[in-house]
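Observations on chain architecture
One-letter residues, chain by chain:
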Amino acid sequence: MASLNTTFAANPTSSITHAPTTSPAEWKEALIAHESTPKDFELIKTLVYKPKTAKTATPVPVVVIARDSTETNSTAIGKALNLKELRLASADLLKEFFSLDKDS
């Protein structure tokens, strides 16, 4: 697992600090306003879905990472993965599986 973490580790070349934002549009504006932001940056989004499962089954989250401009249709994603009724994961599921909240 250590080699996997090394392979996919992100090493940012810089970082900025900004006020909290509540939407991707606000976040993009905050980044644009900072002078050290590269002019050709691109936002990504990470979506976590929970497929419909039996009440006794443990749900296995589906994680989708896409460019912010990409349309993400949960029905099409579920169909491609042969899963029923993908819904955005609840706060409880995010906490249970990833120890995170939606704003992390």
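Scope of this entry: the structure provided in the associated data block. This is a predicted model, so every value here is computed, not measured.

For asparagine 82, which is not a glycine, the phi torsion comes out positive at approximately 60 degrees. Within the secondary structure, asparagine 82 sits in the loop between α3 (74-80) and β3 (87-88). Even without being glycine, glutamate 85 reaches a positive phi, approximately 40 degrees. Tracing the backbone through its elements, the reader meets glutamate 85 in the loop between α3 and β3. On the basis of relative accessible area, glutamate 85 is assigned to the partly exposed category, the value being 42%.

Pairing between strand β1 (residues 44-50) and strand β2 (residues 62-67): six bridges, direction antiparallel. Bridging from a neighbouring strand, tyrosine 49 pairs with valine 62 of β2.

Rules used in this analysis
Residues numbered from 1 in each chain as written. Predicted model: local features only at pLDDT ≥ 70, side-chain atom pairs only at ≥ 80, totals over all residues. Heavy atoms only, no water. Helix = DSSP H or I, 4+ residues; strand = E, 2+ residues; numbered from the N terminus. Buried < 20%, exposed > 50% of the residue type's maximum accessible area, 1.4 Å probe, protein only. Pairing = 2+ DSSP bridges.

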